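# Tertiary structure, described
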Amino acid sequence: MGSDDFIPSSLGKIASLEILMPQPIGALASALANASPTEQRTMLGENLYPLVEQLELDTAAKVTGMLLEMDLTEVLHLLESPEALKAKVAEVMEVLRNVSQH
C-alpha cells in the first residue's frame, strides 16, 4: 500500500459493524465543521471507504486515498450521490490503469 492509501480505523473494530456504516450527511457535515483537517480526512474516509469498497474491493484503500485529495465539498457530494461516486471511482480506476501501464 502507498502512503496515500486510506486505512479505516474501524477495521480493527469489525465486531461493531455499525462503525462501518456511513453517518447521515447532516450529522457528518456538523461533525466536520468542528474538526481539524486531519480529523476531517479521517471522518470522510471512514464514510467513503465502505462505499468505495462496494465498487472496487481490491483497490478501495488506494481509491479512497485519492478521492480524499479532493476538496471537502466535492467529497461530501460523492457521499450524497451514488452516481457521482460511481463516476469518480471509474475515473480514478482509469488513472490507475494508465499509470500502471507506463
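Below or above, wherever it landed, is the structure these notes cover. (Residues numbered from 1 in each chain as written. Predicted model: local features only at pLDDT ≥ 70, side-chain atom pairs only at ≥ 80, totals over all residues. Heavy atoms only, no water.)

## As for the pattern of salt bridges
What the rule picks out here adds up to 3 salt bridges. Here Glu69 makes a salt bridge to Arg41, at a shortest N to O gap of 3.7 Å. Remark: Arg41 occurs in helix 2 (residues 37-55) and Glu69 occurs in the loop between helix 3 (60-67) and helix 4 (72-80); sequence separation between them is 28 residues. Its relative accessible area of 54% is what places Glu69 among the exposed residues. What makes Arg41 partly exposed here is its relative accessible area of 30%. (Salt bridge = Lys/Arg side-chain N within 4 Å of Asp/Glu carboxyl O. Helix = DSSP H or I, 4+ residues; strand = E, 2+ residues; numbered from the N terminus. Buried < 20%, exposed > 50% of the residue type's maximum accessible area, 1.4 Å probe, protein only.)

## Digging into the nonpolar core
Judged by nonpolar contacts, the single largest core of 23 residues is most densely connected at Leu44, Leu48, Val52 and Leu67. Of all the elements in the fold, those that place two or more residues in this core are helix 1 (25-33), helix 2, helix 3, helix 4 and helix 5 (82-101). Contacts of Val52, omitting those with residues within four sequence positions, involve Ala60, Val63, Thr64, Leu67, Leu85 and Val89. (Core = buried A, V, L, I, M, F, W, Y, C linked by side-chain atoms within 4.5 Å. Contact = heavy atoms within 4.5 Å.)

## Some words on helix 2
For helix 2, spanning 19 residues, the distance from its first C-alpha to its last is 26 Å, which sits close to the expected 27 Å at 1.5 Å a residue. The largest bend in helix 2 amounts to roughly 30 degrees and is located at Leu48, with the proline Pro50 lying one to four residues further along. All of the buried residues along helix 2 are Gln40, Met43, Leu44, Gly45, Asn47, Leu48, Tyr49, Pro50 and Val52. (Expected span 1.5 Å × (residues − 1). Bend = angle between axes of the 7 residues up to and from the residue.)

## Describing the side chain of Asn47
With respect to the secondary-structure elements, Asn47 resides in helix 2. Only 2.8 Å separates the side chain of Asn47 from the backbone oxygen of Met43, close enough to count as a polar contact. (Polar contact = N/O pair within 3.5 Å; in protein donor to acceptor, adjacent residues only side chain to side chain.)

## Examining helix 3
Most of helix 3 sits inside the fold, with 6 of its 8 residues counted as buried. Listed in full, the buried residues belonging to helix 3 are Ala60, Ala61, Val63, Thr64, Gly65 and Leu67. Looking at the buried residues of helix 3, the elements they touch are helix 2, helix 4 and helix 5.

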